[in-house]
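# A closer look at the structure
Chain residues, written in single-letter form:
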2 protein chains.
Amino acid sequence: MTTQQVADRLVALCREGKFEEAQNELYARDATSDEPPGAPVGHVAGLDGIIEKGRQFAGMTEAVHGIEVSDPIIGGNAFACTLRMDITMKGKNRSNMEEVCVYTVKDGKIVSERFAS
Amino acid sequence: MTTQQVADRLVALCREGKFEEAQNELYARDATSDEPPGAPVGHVAGLDGIIEKGRQFAGMTEAVHGIEVSDPIIGGNAFACTLRMDITMKGKNRSNMEEVCVYTVKDGKIVSERFAS
């Protein structure tokens, strides 16, 4: 898959909230994940850890009211999109999360994700 | 300036090749810069160092034949755009450079830039 194809597929799955399906289908086994500085979980190495982090986030979530993902922009082997979630975390008020998501692709698989907000 | 305003201004200046002007106008004094893993210069801290890095790059450049910068996408205090340069570096063949550029904004100034490709 080209970077554009990986990007389009990731965006399509994320728009449906299918984050774990996207990871299993599109991520390399040794992919890495980096949250913005100051986030509780900074760096995660390996797909298993990335999936586990997603499950922990899902476990802290009361309800997802809406997801918006922008079309991707492509630069070489990297691409970026924005993610907006209208979300209620357990024990907290409903709020909007917004971030820029940046991915790099190697041999048709996502090898890194990094979030900025 | 809002993140959107900073993004729009940065993109406008970069489309004209006015990279150093953009840095002087829009960057915080303590801004940081990170190139992709494996780049000769990895992490730079401080606007002076970022400007110096830009001058070194300009000094290695034979000719810039074209610059394309995408419209920015905005997520919270971060934004991203793509940069394509049709460029000849000194002693090398003409080539296309493509990358995703990600910026974070605080108090109306860019506090970090990070490139992925």
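To keep things clear, this report deals only with the structure shown in the data block. (Residues numbered from 1 in each chain as written. Chains lettered and ligands numbered in written order. Predicted model: local features only at pLDDT ≥ 70, side-chain atom pairs only at ≥ 80, totals over all residues. Heavy atoms only, no water.)

### Examining the packing of aromatic side chains
All names here are of chain A. Inspection of the entire model under this criterion finds two aromatic pairs over all chains. When the centroid spacing of 4.8 Å and the interplanar angle of 20° are considered together, the rings of Phe79 and Tyr103 count as stacked. Note that Phe79 is positioned in strand β5 (residues 78-89) and Tyr103 in strand β6 (residues 94-106), a separation of 24 residues in sequence. The two residues Phe79 and Tyr103 agree in class, both being buried. (Phe/Tyr/Trp six-rings, centres within 6.5 Å; stacked < 30°, edge-to-face > 60°. Helix = DSSP H or I, 4+ residues; strand = E, 2+ residues; numbered from the N terminus. Buried < 20%, exposed > 50% of the residue type's maximum accessible area, 1.4 Å probe, protein only.)

### Some details on the relation of the copies chain A and chain B
Turning chain A through 180° and shifting it by 0.0 Å along the axis lays it on chain B, with an RMSD of 0.0 Å. Seen this way, the second copy is the image of the first under a two-fold rotation axis. For chain A, the minimum C-alpha distance to the rotation axis belongs to Ala80 of chain A and amounts to 3.5 Å. Here 100% of the interface residues in chain A have copies in chain B that are interface residues too; the copies meet face to matching face. (Least-squares fit on C-alpha atoms with pLDDT ≥ 70 in both. Contact = heavy atoms within 4.5 Å.)

### Regarding helix α1 (residues 3-15) of chain B
All names here are of chain B. For α1, which comprises 13 residues, the first-to-last C-alpha distance of 18 Å matches the rise-based estimate of 18 Å (1.5 Å per residue) to within 8%. Among the residues making up α1, those that are buried are Thr3, Val6, Ala7, Leu10, Val11, Leu13 and Cys14. Viewed along the axis of α1, the buried residues span an arc of 165°, placing them on a single side of the element. Looking one or two places after α1, you find Gly17, whose phi comes out positive at around 75°. (Expected span 1.5 Å × (residues − 1). Arc of directions from axis to C-beta.)

### Details of the interface of chain A and chain B
Between chain A and chain B, the contact holds 20 residues from the first and 20 residues from the second. Here chain A and chain B share an interface that buries about 1,400 Å² over both sides, 71% of which is from carbon and sulfur atoms. On the surface where chain A and chain B come into contact, there are zero salt bridges. For the interface between chain A and chain B, the tally reads four residue pairs in polar contact (both at pLDDT 80 or more). Elements with a contribution of two residues or more to the side of chain A that touches chain B: β4 (73-75), β5, β6 and β7 (109-116) of chain A. Counting residues per element, the side of chain A that touches chain B draws most heavily on β5 of chain A, at six residues. Residues that form the side of chain A that touches chain B fall into these classes: nine nonpolar, seven polar and four charged. (Buried area = accessible area lost by both parts, 1.4 Å probe. Salt bridge = Lys/Arg side-chain N within 4 Å of Asp/Glu carboxyl O. Polar contact = N/O pair within 3.5 Å; in protein donor to acceptor, adjacent residues only side chain to side chain. Nonpolar A, V, L, I, M, F, W, Y, C, P; charged D, E, K, R; others polar.)

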